[in-house]
Amino acid sequence: MKVEGFVASLRNAGTIGGLFKVLAEKGAPVVELDGQRFLIVVEGDFEGRKFWTEINGERANQALGDAMLNSSSFPFKCKRPYTGGNVIFVNFNDIEVERFLVAYRDPDYGVFYLVENGEAREITEEEYEKLKVEMPEFMIKSMSEEQMNMMGAFFG
């Protein structure tokens, strides 16, 4: 599957639960696109109701830190008005831990995964809450100093 096809498939979601279902059908949280593996992160809202991704119990943008700058992000809109967000593709080769948790959440609902050795399996919220304290620190390669200097030169 191509990245564009993956992003386009998110447009079919009519609810947050529907969005999480589309993600699961496409293989999220770890998806192979264009011959590369990616960790899929989503964030946005459905008619004012926020949704987000957590990694080891922490919002993905916090857990990923500077690596977010090195990831690809695409906006998407869904069927209903005022719905959509961003899907972020994090190169799986940049992840430096073998075991971590991923949750796609909204204020009342979530879908939870344990990723071990590159394979994801769905778990319950209770398992997720219990495993959060056991997880190693989520580590991802950040930009090299040279890349950061280039970005600084670019942005002034």
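So, here is what we can say about the structure in this document. (Residues numbered from 1 in each chain as written. Predicted model: local features only at pLDDT ≥ 70, side-chain atom pairs only at ≥ 80, totals over all residues. Heavy atoms only, no water.)

Digging into the pattern of salt bridges
Within this structure, the stated rule accounts for nine salt bridges. Of the charged contacts in the structure, one is a salt bridge between Arg49 and Asp108, with a shortest N-O distance of 2.8 Å. Taken as a pair, Arg49 in strand β3 (residues 49–55) and Asp108 in the loop between β7 (99–105) and β8 (110–116) lie far apart in primary sequence, 59 residues in all. Residue classification places Asp108 among the exposed positions, given a relative accessible area of 65%. The shortest N-O distance in the salt bridge between Arg105 and Glu125 comes to 3.3 Å. Residue Arg105 is found in strand β7, and its partner Glu125 is found in helix α4 (residues 125–132); the two are separated by 20 residues along the sequence. Here Glu125 falls in the partly exposed class, since its relative accessible area comes to 36%. In the salt-bridge network here, residues are joined through shared partners; they are Glu54, Arg105, Glu125, Glu129 and Lys132. (Salt bridge = Lys/Arg side-chain N within 4 Å of Asp/Glu carboxyl O. Helix = DSSP H or I, 4+ residues; strand = E, 2+ residues; numbered from the N terminus. Buried < 20%, exposed > 50% of the residue type's maximum accessible area, 1.4 Å probe, protein only.)

Some details on the environment of Lys50
Note on placement: Lys50 falls in strand β3. Not counting residues within four places of it along the chain, the set of residues in contact with Lys50 comprises Ile16, Gly44, Asp45, Arg105, Asp106 and Pro107. (Contact = heavy atoms within 4.5 Å.)

Concerning the nonpolar core
Core analysis: the biggest nonpolar cluster contains 42 residues, and Leu23, Leu39, Ile40, Phe100 and Phe138 have the highest contact counts within it. Tallying contributions element by element places strand β2 (residues 36–46) first for this core, with six residues. Those residues in contact with Ile40, other than ones at most four positions away along the chain, are Phe6, Leu23, Ala28, Pro29, Val31, Thr53, Val87, Ile88, Phe89 and Tyr104. The next biggest cluster of nonpolar side chains, apart from the first, holds eight residues, and it includes Ala103, Phe112, Leu131 and Met135. (Core = buried A, V, L, I, M, F, W, Y, C linked by side-chain atoms within 4.5 Å.)

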